[in-house]
Amino acid sequence: MQRQSALDAGAKTLQVGSPTRYRGVPDEERAAGHTRAVPLRRAMERKNTMVATTTSTSEGWSSRWAFILAAIGAAVGLGNIWRFPTLAGESGGGAFVIFYIGCVFLIGLPLILSEIFIGRAGQTDAVGSIKRVAAQSNASTNWSIFGAIGATAAFLILSFYSVVAGWVLYYAGVMGGDLLQAIGSGEPFRGALEGENQAQVQQRLTDMFANPGLLLGMHFVFMGATLFIVARGVHSGIEKAAMYLMPMFFVLLIGLVLYGAIEGDMGDAFAFLFTPDWSKLDAQVMNAALGQALFSLSLGVAGLITYGSYIKEGSGLGSTSALIAFADIGVALLAGLMIFPIVFAVGLDPAAGPTLVFQTLPFAFQTMPAGALFGFLFFVLILVAAVTSSISLLEVPTAWGIGERGWSRAKSASIFGGGAFLIGILCLLGYNVLSEVRPLGFWSLFENTDILDTIDGFTGKVMLPLGALLTSLFVGWKADRTLVRSVTGLGPLAFGVWRFLIAWLCPIAVAGILITGLFPGLLGA
(Lines give C-alpha, C1' and ligand atoms only; values in the text may rest on other atoms or scores of the structure.)
Protein backbone atom coordinates (compact mmCIF):
# COMPACT_ATOMS: atom_id res chain seq x y z
CA MET A 1 0.00 0.00 0.00
CA GLN A 2 1.38 3.39 -0.97
CA ARG A 3 2.00 6.41 1.25
CA GLN A 4 1.89 4.62 4.61
CA SER A 5 3.83 7.17 6.63
CA ALA A 6 0.63 8.39 8.29
CA LEU A 7 0.17 4.90 9.72
CA ASP A 8 3.79 4.69 10.77
CA ALA A 9 3.50 8.04 12.56
CA GLY A 10 0.47 6.75 14.40
CA ALA A 11 2.35 3.64 15.46
CA LYS A 12 4.87 5.78 17.33
CA THR A 13 2.16 6.80 19.77
CA LEU A 14 1.57 3.20 20.90
CA GLN A 15 3.16 2.43 24.25
CA VAL A 16 4.76 -0.75 25.54
CA GLY A 17 2.16 -3.02 27.05
CA SER A 18 -0.69 -1.61 25.01
CA PRO A 19 -2.87 -4.42 23.60
CA THR A 20 -3.14 -2.44 20.37
CA ARG A 21 0.62 -2.35 20.08
CA TYR A 22 0.84 -6.15 19.92
CA ARG A 23 -2.11 -6.67 17.59
CA GLY A 24 -0.82 -9.06 14.93
CA VAL A 25 2.71 -9.35 16.44
CA PRO A 26 4.20 -12.85 16.71
CA ASP A 27 4.47 -14.36 20.21
CA GLU A 28 8.25 -14.38 20.21
CA GLU A 29 8.36 -10.63 19.62
CA ARG A 30 5.68 -10.03 22.22
CA ALA A 31 7.68 -12.02 24.77
CA ALA A 32 10.81 -10.02 23.97
CA GLY A 33 9.22 -6.93 25.51
CA HIS A 34 10.57 -4.53 22.90
CA THR A 35 10.66 -0.91 24.02
CA ARG A 36 10.42 0.43 20.50
CA ALA A 37 7.04 1.05 18.88
CA VAL A 38 5.55 -1.54 16.57
CA PRO A 39 4.61 -0.07 13.19
CA LEU A 40 0.92 -0.37 12.34
CA ARG A 41 1.86 -1.41 8.85
CA ARG A 42 3.49 -4.56 10.16
CA ALA A 43 0.50 -5.36 12.30
CA MET A 44 -1.88 -4.95 9.38
CA GLU A 45 0.00 -6.53 6.49
CA ARG A 46 -2.04 -9.70 6.59
CA LYS A 47 -5.29 -7.80 6.86
CA ASN A 48 -4.46 -5.68 3.86
CA THR A 49 -4.47 -8.80 1.70
CA MET A 50 -8.24 -8.67 2.12
CA VAL A 51 -8.28 -5.53 -0.03
CA ALA A 52 -5.48 -6.46 -2.41
CA THR A 53 -7.71 -5.86 -5.42
CA THR A 54 -7.86 -2.14 -4.57
CA THR A 55 -5.15 -0.01 -6.15
CA SER A 56 -4.07 3.54 -5.40
CA THR A 57 -5.03 6.24 -7.86
CA SER A 58 -1.38 7.38 -7.59
CA GLU A 59 -2.27 11.08 -7.71
CA GLY A 60 -2.09 13.88 -5.19
CA TRP A 61 -2.58 17.58 -4.57
CA SER A 62 0.48 19.76 -5.05
CA SER A 63 -0.25 21.73 -1.86
CA ARG A 64 -2.62 22.03 1.09
CA TRP A 65 -4.26 25.08 -0.49
CA ALA A 66 -4.89 23.20 -3.70
CA PHE A 67 -6.88 20.65 -1.71
CA ILE A 68 -8.70 23.34 0.27
CA LEU A 69 -9.78 25.23 -2.86
CA ALA A 70 -10.88 22.02 -4.58
CA ALA A 71 -12.79 20.86 -1.47
CA ILE A 72 -14.48 24.26 -1.09
CA GLY A 73 -15.34 24.11 -4.77
CA ALA A 74 -16.91 20.68 -4.24
CA ALA A 75 -18.96 21.94 -1.29
CA VAL A 76 -19.88 25.34 -2.71
CA GLY A 77 -22.26 24.87 -5.59
CA LEU A 78 -25.88 25.36 -6.51
CA GLY A 79 -26.77 24.31 -2.97
CA ASN A 80 -25.26 27.54 -1.61
CA ILE A 81 -26.00 30.03 -4.37
CA TRP A 82 -29.46 28.85 -5.31
CA ARG A 83 -30.90 26.46 -2.74
CA PHE A 84 -29.86 28.29 0.44
CA PRO A 85 -31.53 31.64 -0.43
CA THR A 86 -34.58 29.72 -1.66
CA LEU A 87 -34.94 27.77 1.59
CA ALA A 88 -34.20 30.84 3.69
CA GLY A 89 -36.90 32.74 1.83
CA GLU A 90 -39.43 29.94 2.18
CA SER A 91 -38.58 29.28 5.86
CA GLY A 92 -38.80 32.78 7.25
CA GLY A 93 -35.19 33.90 7.14
CA GLY A 94 -33.32 34.48 10.42
CA ALA A 95 -34.41 31.50 12.51
CA PHE A 96 -33.63 29.13 9.63
CA VAL A 97 -30.23 30.76 9.02
CA ILE A 98 -29.12 30.56 12.66
CA PHE A 99 -30.22 26.95 13.01
CA TYR A 100 -28.48 26.11 9.72
CA ILE A 101 -25.18 27.57 10.98
CA GLY A 102 -25.45 25.44 14.11
CA CYS A 103 -26.08 22.33 12.00
CA VAL A 104 -23.00 22.97 9.87
CA PHE A 105 -20.72 23.17 12.92
CA LEU A 106 -22.28 20.40 15.03
CA ILE A 107 -23.22 17.92 12.27
CA GLY A 108 -21.48 18.98 9.08
CA LEU A 109 -18.00 19.66 10.43
CA PRO A 110 -17.61 16.27 12.20
CA LEU A 111 -18.73 14.52 9.00
CA ILE A 112 -16.33 16.58 6.87
CA LEU A 113 -13.42 15.51 9.04
CA SER A 114 -14.62 11.89 9.01
CA GLU A 115 -14.75 11.71 5.23
CA ILE A 116 -11.36 13.35 4.80
CA PHE A 117 -9.87 11.01 7.42
CA ILE A 118 -11.11 7.93 5.56
CA GLY A 119 -9.67 9.16 2.28
CA ARG A 120 -6.30 10.14 3.66
CA ALA A 121 -5.94 6.90 5.62
CA GLY A 122 -7.03 4.77 2.67
CA GLN A 123 -5.22 6.62 -0.15
CA THR A 124 -7.49 5.29 -2.89
CA ASP A 125 -11.10 5.50 -4.08
CA ALA A 126 -13.95 5.73 -1.55
CA VAL A 127 -14.79 2.01 -1.54
CA GLY A 128 -11.16 0.95 -1.34
CA SER A 129 -10.33 3.52 1.34
CA ILE A 130 -13.15 2.30 3.58
CA LYS A 131 -11.98 -1.29 3.12
CA ARG A 132 -8.47 -0.36 4.13
CA VAL A 133 -9.55 1.57 7.21
CA ALA A 134 -11.87 -1.29 8.16
CA ALA A 135 -9.06 -3.84 7.78
CA GLN A 136 -6.74 -1.70 9.89
CA SER A 137 -9.47 -1.45 12.54
CA ASN A 138 -10.42 -5.16 12.74
CA ALA A 139 -13.83 -4.29 11.28
CA SER A 140 -15.73 -5.92 8.45
CA THR A 141 -14.86 -4.66 4.99
CA ASN A 142 -18.59 -4.81 4.24
CA TRP A 143 -18.68 -1.28 5.67
CA SER A 144 -17.47 -0.24 2.21
CA ILE A 145 -21.14 -0.36 1.20
CA PHE A 146 -21.51 3.29 2.14
CA GLY A 147 -18.67 4.14 -0.24
CA ALA A 148 -20.59 2.38 -3.00
CA ILE A 149 -23.78 4.23 -2.00
CA GLY A 150 -21.90 7.51 -2.15
CA ALA A 151 -20.34 6.81 -5.54
CA THR A 152 -23.71 5.77 -6.96
CA ALA A 153 -25.39 8.85 -5.50
CA ALA A 154 -22.69 11.12 -6.97
CA PHE A 155 -23.22 9.52 -10.38
CA LEU A 156 -27.00 9.97 -10.24
CA ILE A 157 -26.81 13.52 -8.90
CA LEU A 158 -24.40 14.46 -11.68
CA SER A 159 -26.95 13.33 -14.27
CA PHE A 160 -29.54 15.94 -13.27
CA TYR A 161 -27.05 18.47 -11.89
CA SER A 162 -25.66 18.86 -15.39
CA VAL A 163 -29.16 19.50 -16.73
CA VAL A 164 -29.81 22.23 -14.14
CA ALA A 165 -26.35 23.71 -14.78
CA GLY A 166 -27.37 23.77 -18.44
CA TRP A 167 -30.20 26.12 -17.49
CA VAL A 168 -27.63 28.39 -15.86
CA LEU A 169 -25.46 28.20 -18.97
CA TYR A 170 -28.45 29.22 -21.13
CA TYR A 171 -29.26 32.22 -18.93
CA ALA A 172 -25.59 33.23 -18.86
CA GLY A 173 -25.74 33.22 -22.66
CA VAL A 174 -28.97 35.24 -22.72
CA MET A 175 -27.63 37.82 -20.29
CA GLY A 176 -24.27 37.92 -22.11
CA GLY A 177 -26.00 38.57 -25.43
CA ASP A 178 -28.08 41.29 -23.79
CA LEU A 179 -24.93 42.91 -22.39
CA LEU A 180 -23.32 42.93 -25.83
CA GLN A 181 -26.42 44.62 -27.23
CA ALA A 182 -26.26 47.23 -24.46
CA ILE A 183 -22.60 47.91 -25.23
CA GLY A 184 -23.35 48.10 -28.96
CA SER A 185 -26.11 50.62 -28.39
CA GLY A 186 -23.83 52.79 -26.29
CA GLU A 187 -25.68 51.99 -23.04
CA PRO A 188 -23.40 49.53 -21.20
CA PHE A 189 -24.92 50.44 -17.84
CA ARG A 190 -28.59 50.07 -18.69
CA GLY A 191 -30.91 47.53 -17.10
CA ALA A 192 -31.10 43.94 -18.31
CA LEU A 193 -33.47 42.63 -21.00
CA GLU A 194 -34.67 46.06 -22.02
CA GLY A 195 -38.07 46.14 -23.67
CA GLU A 196 -39.36 42.95 -22.04
CA ASN A 197 -42.13 43.05 -19.45
CA GLN A 198 -42.23 40.81 -16.38
CA ALA A 199 -44.40 38.21 -18.08
CA GLN A 200 -41.99 37.97 -21.03
CA VAL A 201 -38.98 37.63 -18.71
CA GLN A 202 -40.70 34.84 -16.80
CA GLN A 203 -41.82 33.13 -20.01
CA ARG A 204 -38.21 32.46 -20.96
CA LEU A 205 -38.01 29.66 -18.38
CA THR A 206 -41.19 28.03 -19.64
CA ASP A 207 -40.03 28.27 -23.24
CA MET A 208 -36.67 26.76 -22.32
CA PHE A 209 -38.33 23.77 -20.64
CA ALA A 210 -40.46 23.20 -23.74
CA ASN A 211 -37.40 23.07 -26.03
CA PRO A 212 -35.67 19.66 -25.70
CA GLY A 213 -33.06 20.55 -28.32
CA LEU A 214 -31.95 23.61 -26.35
CA LEU A 215 -31.85 21.70 -23.07
CA LEU A 216 -29.88 18.88 -24.70
CA GLY A 217 -27.35 21.29 -26.18
CA MET A 218 -26.72 23.03 -22.86
CA HIS A 219 -26.50 19.68 -21.04
CA PHE A 220 -24.00 18.40 -23.61
CA VAL A 221 -21.74 21.45 -23.33
CA PHE A 222 -21.71 21.42 -19.54
CA MET A 223 -21.12 17.69 -19.19
CA GLY A 224 -18.43 17.86 -21.86
CA ALA A 225 -16.56 20.54 -19.92
CA THR A 226 -16.83 18.53 -16.71
CA LEU A 227 -15.60 15.35 -18.40
CA PHE A 228 -12.69 17.18 -20.02
CA ILE A 229 -11.45 18.54 -16.68
CA VAL A 230 -11.76 15.24 -14.78
CA ALA A 231 -10.14 13.21 -17.56
CA ARG A 232 -7.03 15.41 -17.35
CA GLY A 233 -6.32 14.17 -13.83
CA VAL A 234 -6.04 15.54 -10.32
CA HIS A 235 -3.14 17.94 -10.86
CA SER A 236 -3.63 18.95 -14.49
CA GLY A 237 -7.42 18.98 -14.41
CA ILE A 238 -9.21 19.23 -11.06
CA GLU A 239 -6.53 21.20 -9.19
CA LYS A 240 -5.86 23.60 -12.04
CA ALA A 241 -9.58 24.28 -12.46
CA ALA A 242 -9.94 24.96 -8.71
CA MET A 243 -6.92 27.27 -8.63
CA TYR A 244 -8.39 29.43 -11.40
CA LEU A 245 -12.14 29.14 -10.85
CA MET A 246 -12.37 29.53 -7.06
CA PRO A 247 -10.54 32.91 -6.87
CA MET A 248 -12.72 34.03 -9.77
CA PHE A 249 -15.78 32.81 -7.87
CA PHE A 250 -14.94 34.78 -4.71
CA VAL A 251 -14.13 37.97 -6.66
CA LEU A 252 -17.49 37.76 -8.46
CA LEU A 253 -19.34 36.98 -5.23
CA ILE A 254 -17.88 39.90 -3.30
CA GLY A 255 -18.40 42.22 -6.27
CA LEU A 256 -22.07 41.27 -6.54
CA VAL A 257 -22.58 41.67 -2.77
CA LEU A 258 -21.14 45.19 -3.00
CA TYR A 259 -23.43 45.91 -5.93
CA GLY A 260 -26.41 44.74 -3.88
CA ALA A 261 -25.28 46.90 -0.96
CA ILE A 262 -25.06 49.99 -3.17
CA GLU A 263 -28.08 49.57 -5.40
CA GLY A 264 -30.28 47.28 -3.29
CA ASP A 265 -31.93 47.33 0.10
CA MET A 266 -29.22 45.89 2.36
CA GLY A 267 -31.03 46.93 5.54
CA ASP A 268 -34.07 44.78 4.83
CA ALA A 269 -31.83 41.94 3.66
CA PHE A 270 -29.87 41.98 6.92
CA ALA A 271 -33.06 42.06 8.96
CA PHE A 272 -34.52 39.19 6.97
CA LEU A 273 -31.43 36.98 7.25
CA PHE A 274 -30.31 37.70 10.80
CA THR A 275 -33.39 38.69 12.79
CA PRO A 276 -34.85 35.39 14.01
CA ASP A 277 -38.56 34.80 14.38
CA TRP A 278 -38.39 31.71 16.58
CA SER A 279 -42.10 31.05 16.11
CA LYS A 280 -41.27 29.95 12.56
CA LEU A 281 -38.65 27.43 13.70
CA ASP A 282 -40.90 24.38 13.58
CA ALA A 283 -39.90 20.77 12.91
CA GLN A 284 -40.11 21.20 9.13
CA VAL A 285 -37.83 24.26 9.14
CA MET A 286 -35.28 22.53 11.41
CA ASN A 287 -35.31 19.47 9.19
CA ALA A 288 -34.85 21.65 6.10
CA ALA A 289 -31.89 23.45 7.72
CA LEU A 290 -30.23 20.17 8.71
CA GLY A 291 -30.79 18.72 5.24
CA GLN A 292 -29.34 21.88 3.66
CA ALA A 293 -26.23 21.55 5.81
CA LEU A 294 -25.62 18.04 4.44
CA PHE A 295 -26.58 18.97 0.87
CA SER A 296 -24.49 22.13 0.64
CA LEU A 297 -21.39 20.40 2.03
CA SER A 298 -21.79 17.49 -0.45
CA LEU A 299 -21.74 14.99 2.43
CA GLY A 300 -22.86 11.42 1.85
CA VAL A 301 -21.61 11.24 -1.75
CA ALA A 302 -18.01 10.28 -0.80
CA GLY A 303 -16.61 13.37 -2.51
CA LEU A 304 -14.43 14.39 0.41
CA ILE A 305 -13.31 10.79 0.89
CA THR A 306 -12.10 10.81 -2.69
CA TYR A 307 -10.47 14.24 -2.46
CA GLY A 308 -9.00 13.31 0.93
CA SER A 309 -7.21 10.35 -0.64
CA TYR A 310 -5.10 12.77 -2.68
CA ILE A 311 -3.76 14.63 0.39
CA LYS A 312 -0.03 14.44 0.97
CA GLU A 313 1.45 14.14 4.44
CA GLY A 314 1.73 17.14 6.71
CA SER A 315 -1.75 18.63 6.26
CA GLY A 316 -3.74 19.36 9.42
CA LEU A 317 -7.09 17.73 8.82
CA GLY A 318 -8.89 19.45 11.70
CA SER A 319 -8.08 23.01 10.64
CA THR A 320 -8.66 22.14 6.99
CA SER A 321 -12.11 20.73 7.75
CA ALA A 322 -13.01 23.80 9.80
CA LEU A 323 -11.95 26.06 6.94
CA ILE A 324 -14.22 24.18 4.54
CA ALA A 325 -17.15 24.54 6.95
CA PHE A 326 -16.52 28.27 7.45
CA ALA A 327 -16.27 28.77 3.68
CA ASP A 328 -19.56 26.95 3.14
CA ILE A 329 -21.36 29.14 5.69
CA GLY A 330 -19.69 32.29 4.41
CA VAL A 331 -20.67 31.65 0.81
CA ALA A 332 -24.26 30.82 1.79
CA LEU A 333 -24.61 34.03 3.79
CA LEU A 334 -22.96 36.12 1.08
CA ALA A 335 -25.31 34.57 -1.46
CA GLY A 336 -28.22 35.74 0.66
CA LEU A 337 -26.69 39.23 0.97
CA MET A 338 -26.19 39.24 -2.80
CA ILE A 339 -29.72 38.19 -3.74
CA PHE A 340 -32.11 39.58 -1.11
CA PRO A 341 -31.06 43.28 -1.30
CA ILE A 342 -31.94 43.19 -5.00
CA VAL A 343 -35.20 41.34 -4.36
CA PHE A 344 -36.29 43.76 -1.64
CA ALA A 345 -35.20 46.83 -3.62
CA VAL A 346 -37.68 46.09 -6.41
CA GLY A 347 -40.43 44.86 -4.11
CA LEU A 348 -40.38 41.18 -5.13
CA ASP A 349 -41.21 38.14 -3.01
CA PRO A 350 -38.18 36.61 -1.17
CA ALA A 351 -40.15 33.36 -0.85
CA ALA A 352 -40.47 32.94 -4.61
CA GLY A 353 -38.97 29.45 -4.33
CA PRO A 354 -37.01 27.76 -7.14
CA THR A 355 -38.08 30.45 -9.63
CA LEU A 356 -36.13 33.04 -7.60
CA VAL A 357 -32.98 32.68 -9.71
CA PHE A 358 -34.48 32.18 -13.17
CA GLN A 359 -37.56 34.41 -13.10
CA THR A 360 -37.46 36.82 -10.17
CA LEU A 361 -33.86 38.01 -10.40
CA PRO A 362 -33.68 38.51 -14.21
CA PHE A 363 -36.65 40.86 -13.90
CA ALA A 364 -35.03 42.57 -10.89
CA PHE A 365 -31.87 43.23 -12.91
CA GLN A 366 -34.04 44.87 -15.55
CA THR A 367 -35.01 47.65 -13.17
CA MET A 368 -31.56 48.31 -11.68
CA PRO A 369 -28.63 50.42 -12.90
CA ALA A 370 -26.03 48.37 -14.78
CA GLY A 371 -28.44 45.44 -14.57
CA ALA A 372 -27.26 44.06 -17.92
CA LEU A 373 -23.67 43.83 -16.67
CA PHE A 374 -24.36 42.51 -13.19
CA GLY A 375 -27.08 40.14 -14.39
CA PHE A 376 -24.51 38.53 -16.67
CA LEU A 377 -21.91 38.36 -13.89
CA PHE A 378 -24.50 36.80 -11.58
CA PHE A 379 -25.13 33.85 -13.88
CA VAL A 380 -21.39 33.47 -14.57
CA LEU A 381 -20.94 33.19 -10.80
CA ILE A 382 -23.52 30.41 -10.53
CA LEU A 383 -22.01 28.64 -13.53
CA VAL A 384 -18.54 28.64 -11.93
CA ALA A 385 -20.00 27.19 -8.72
CA ALA A 386 -21.80 24.51 -10.73
CA VAL A 387 -18.60 23.49 -12.57
CA THR A 388 -16.50 23.04 -9.42
CA SER A 389 -19.21 20.90 -7.82
CA SER A 390 -19.85 18.79 -10.91
CA ILE A 391 -16.13 18.01 -11.12
CA SER A 392 -16.21 16.41 -7.66
CA LEU A 393 -19.40 14.49 -8.50
CA LEU A 394 -17.77 12.90 -11.55
CA GLU A 395 -14.45 12.32 -9.77
CA VAL A 396 -16.04 9.99 -7.18
CA PRO A 397 -17.16 7.23 -9.59
CA THR A 398 -14.14 7.90 -11.82
CA ALA A 399 -11.80 7.16 -8.90
CA TRP A 400 -13.81 4.00 -8.19
CA GLY A 401 -13.22 2.81 -11.75
CA ILE A 402 -9.50 3.47 -11.40
CA GLY A 403 -9.10 1.96 -7.93
CA GLU A 404 -11.50 -0.97 -8.05
CA ARG A 405 -11.61 -1.88 -11.76
CA GLY A 406 -8.12 -0.89 -12.83
CA TRP A 407 -9.38 1.34 -15.65
CA SER A 408 -7.41 4.26 -17.01
CA ARG A 409 -8.60 7.69 -15.89
CA ALA A 410 -9.78 8.62 -19.40
CA LYS A 411 -11.79 5.38 -19.71
CA SER A 412 -13.36 5.65 -16.28
CA ALA A 413 -14.28 9.33 -16.67
CA SER A 414 -15.76 8.66 -20.11
CA ILE A 415 -17.86 5.72 -18.93
CA PHE A 416 -19.36 7.52 -15.96
CA GLY A 417 -19.57 10.92 -17.63
CA GLY A 418 -21.26 9.35 -20.64
CA GLY A 419 -23.63 7.34 -18.47
CA ALA A 420 -24.63 10.41 -16.47
CA PHE A 421 -25.16 12.31 -19.71
CA LEU A 422 -27.58 9.65 -20.99
CA ILE A 423 -29.59 9.64 -17.75
CA GLY A 424 -29.58 13.43 -17.90
CA ILE A 425 -31.26 13.24 -21.31
CA LEU A 426 -34.18 11.41 -19.70
CA CYS A 427 -34.27 14.08 -16.99
CA LEU A 428 -34.51 16.96 -19.44
CA LEU A 429 -37.11 15.15 -21.56
CA GLY A 430 -39.18 14.88 -18.39
CA TYR A 431 -39.93 18.58 -18.81
CA ASN A 432 -41.48 18.12 -22.25
CA VAL A 433 -41.97 14.91 -24.26
CA LEU A 434 -41.79 12.65 -21.18
CA SER A 435 -43.59 15.03 -18.84
CA GLU A 436 -46.19 12.42 -17.91
CA VAL A 437 -43.63 9.81 -16.85
CA ARG A 438 -43.42 9.11 -13.11
CA PRO A 439 -40.53 6.63 -12.56
CA LEU A 440 -41.52 5.84 -8.96
CA GLY A 441 -45.21 6.57 -9.28
CA PHE A 442 -46.04 3.44 -7.25
CA TRP A 443 -44.37 5.06 -4.22
CA SER A 444 -46.57 7.71 -2.64
CA LEU A 445 -43.52 9.81 -1.81
CA PHE A 446 -42.73 10.22 -5.53
CA GLU A 447 -46.10 9.64 -7.18
CA ASN A 448 -46.30 13.20 -8.54
CA THR A 449 -42.63 13.86 -9.38
CA ASP A 450 -41.12 13.90 -12.86
CA ILE A 451 -37.90 12.11 -13.81
CA LEU A 452 -35.45 14.79 -12.63
CA ASP A 453 -37.28 15.47 -9.37
CA THR A 454 -37.54 11.73 -8.68
CA ILE A 455 -33.78 11.23 -8.97
CA ASP A 456 -33.19 14.40 -6.98
CA GLY A 457 -35.65 13.33 -4.29
CA PHE A 458 -34.42 9.74 -4.01
CA THR A 459 -30.75 10.70 -3.75
CA GLY A 460 -31.46 13.58 -1.37
CA LYS A 461 -33.96 11.82 0.90
CA VAL A 462 -32.51 8.32 0.89
CA MET A 463 -28.97 7.94 -0.43
CA LEU A 464 -27.24 11.02 1.01
CA PRO A 465 -28.55 10.68 4.57
CA LEU A 466 -27.98 6.91 4.49
CA GLY A 467 -24.38 7.42 3.36
CA ALA A 468 -23.81 10.10 6.03
CA LEU A 469 -25.41 7.89 8.70
CA LEU A 470 -23.16 4.93 7.90
CA THR A 471 -20.12 7.21 7.75
CA SER A 472 -20.79 8.50 11.27
CA LEU A 473 -21.39 5.00 12.64
CA PHE A 474 -18.26 3.60 11.01
CA VAL A 475 -15.90 6.37 12.08
CA GLY A 476 -17.52 6.86 15.49
CA TRP A 477 -17.75 3.20 16.50
CA LYS A 478 -15.60 0.99 14.25
CA ALA A 479 -12.51 2.92 13.15
CA ASP A 480 -9.41 2.28 15.29
CA ARG A 481 -8.98 5.23 17.67
CA THR A 482 -5.19 5.26 17.44
CA LEU A 483 -5.39 5.32 13.66
CA VAL A 484 -7.98 8.10 13.75
CA ARG A 485 -5.94 10.26 16.13
CA SER A 486 -2.70 9.76 14.20
CA VAL A 487 -4.25 10.62 10.83
CA THR A 488 -6.43 13.54 11.95
CA GLY A 489 -3.76 15.01 14.23
CA LEU A 490 -6.36 16.18 16.76
CA GLY A 491 -5.38 16.96 20.32
CA PRO A 492 -7.02 15.11 23.25
CA LEU A 493 -9.75 17.71 23.87
CA ALA A 494 -10.61 18.28 20.22
CA PHE A 495 -10.59 14.54 19.59
CA GLY A 496 -12.94 13.90 22.51
CA VAL A 497 -15.44 16.54 21.39
CA TRP A 498 -15.30 15.45 17.77
CA ARG A 499 -15.71 11.78 18.63
CA PHE A 500 -18.75 12.51 20.81
CA LEU A 501 -20.36 14.45 17.97
CA ILE A 502 -19.61 11.86 15.28
CA ALA A 503 -20.54 8.85 17.44
CA TRP A 504 -23.69 10.20 19.07
CA LEU A 505 -25.11 13.47 17.74
CA CYS A 506 -24.47 12.91 14.03
CA PRO A 507 -26.11 9.46 13.81
CA ILE A 508 -29.21 10.68 15.67
CA ALA A 509 -29.56 13.84 13.60
CA VAL A 510 -28.91 12.17 10.24
CA ALA A 511 -31.24 9.26 11.10
CA GLY A 512 -33.87 11.92 11.75
CA ILE A 513 -33.37 13.35 8.26
CA LEU A 514 -33.62 9.88 6.74
CA ILE A 515 -36.79 8.95 8.63
CA THR A 516 -38.59 12.24 8.06
CA GLY A 517 -37.54 12.23 4.42
CA LEU A 518 -39.16 8.83 3.94
CA PHE A 519 -42.17 9.63 6.12
CA PRO A 520 -42.86 13.38 5.77
CA GLY A 521 -46.19 12.93 7.50
CA LEU A 522 -44.27 12.74 10.78
CA LEU A 523 -43.60 16.47 10.40
CA GLY A 524 -47.11 17.25 9.29
CA ALA A 525 -45.98 17.78 5.68
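Above this text sits the structure in question.
To keep things clear, this report deals only with the structure shown in the data block. (Residues numbered from 1 in each chain as written. Predicted model: local features only at pLDDT ≥ 70, side-chain atom pairs only at ≥ 80, totals over all residues. Heavy atoms only, no water.)

## What about the overall build of the protein chain?
Put simply, the rule reads: Counting from the N terminus, the helices are the DSSP runs of H or I reaching at least four residues and the strands are the DSSP runs of E reaching at least two. Between buried and exposed lies partly exposed: a residue is buried under 20% and exposed over 50% of the maximum accessible area for its type, with that area taken using a 1.4 Å probe on protein chains only. We call two residues in contact whenever any of their non-hydrogen atoms come within 4.5 Å of each other. In this description, accessible areas are obtained by the Shrake-Rupley approach with a 1.4 Å probe, and a residue is regarded as covered only by the protein chains that are shown.
Scanning the protein chain for helices and strands turns up 21 helices and 0 strands. The 525 residues of the protein chain split such that 58% are buried. When contacts within the protein chain are restricted to residue pairs at least 6 apart in sequence, those whose partners lie at least 24 apart make up 80%. Accessible surface computed for the protein chain: about 19600 Å², of which carbon and sulfur atoms make up 64%.

## Focus: the nonpolar core
Just so we agree on the cut-off: Residues belong to one nonpolar core when they are buried, are Ala, Val, Leu, Ile, Met, Phe, Trp, Tyr or Cys, and are joined through side-chain atoms within 4.5 Å.
With 170 residues, the main nonpolar core has Trp61, Phe117, Trp167, Phe249, Met338, Phe378 and Phe379 as its most contacted residues. In this structure, phenylalanine 379 is in contact with Val168, Tyr171, Ala172, Met175, Val357, Phe358 and Pro362, ignoring residues within four places of it in sequence.

## Section: the packing of helix H4 (residues 64–75) against helix H11 (residues 234–263)
So the rule is basically this: For every element, the axis is a line fit to its C-alpha atoms; helices are fit only across the contacting stretch, and the angle between N-to-C directions ranges from 0 to 180 degrees. When describing relative orientation, an angle under 35 degrees is termed roughly parallel and one over 145 degrees roughly antiparallel, while 65 to 115 degrees is termed roughly perpendicular and anything else oblique. We call a crossing left-handed when the near helix sits turned anticlockwise from the far one by less than a right angle, and right-handed when that turn is clockwise.
Closest axis-to-axis distance for the H4/H11 pair is 9 Å, and the angle between their directions is 65°. Relative to H11, the element H4 is oriented roughly perpendicular. As H4 packs across H11, the resulting crossing turns out to be left-handed. Here Ala66, Leu69, Ala70, Ile72 and Gly73 of H4 lie close against H11, whose contacting residues are Glu239, Ala242, Met243, Met246 and Phe250.

## Structural notes on the environment of valine 433
Summarising the element assignment, valine 433 is placed in the loop between helix H18 (409–429) and helix H19 (451–478). In this structure valine 433 comes out as exposed when scored by relative accessible area, which is 59%. Separated by 222 residues in the primary sequence, valine 433 and asparagine 211 have C-alpha atoms spaced 9.5 Å apart.

## Re the packing of helix H6 (residues 94–122) against helix H7 (residues 126–136)
Selection criterion: Residues are sorted three ways: Asp, Glu, Lys and Arg are charged, Ala, Val, Leu, Ile, Met, Phe, Trp, Tyr, Cys and Pro are nonpolar, and all the rest, Gly among them, are polar.
Running from N to C, H6 and H7 point in directions that differ by 80°, and their axes come no closer than 8 Å. Looking at the two axes, H6 sits roughly perpendicular to H7. Two secondary-structure elements touch here, H6 through Phe117, Ile118, Gly119, Ala121 and Gly122 and H7 through Ser129, Ile130, Arg132 and Val133. Per-class residue counts for the contact of H6 with H7 are 5 nonpolar, 3 polar and 1 charged.

## A short note on the environment of alanine 509
You can see alanine 509 is positioned in helix H21 (residues 492–518). For alanine 509, a relative accessible area of 17% puts it in the buried group. The spatial distance from the C-alpha of alanine 509 to the C-alpha of asparagine 287 is 9.2 Å, given a sequence separation of 222 residues. In this structure, alanine 509 is in contact with Ile107 and Leu290, ignoring residues within four places of it in sequence.

Any functional reading would require information beyond the geometric quantities listed.
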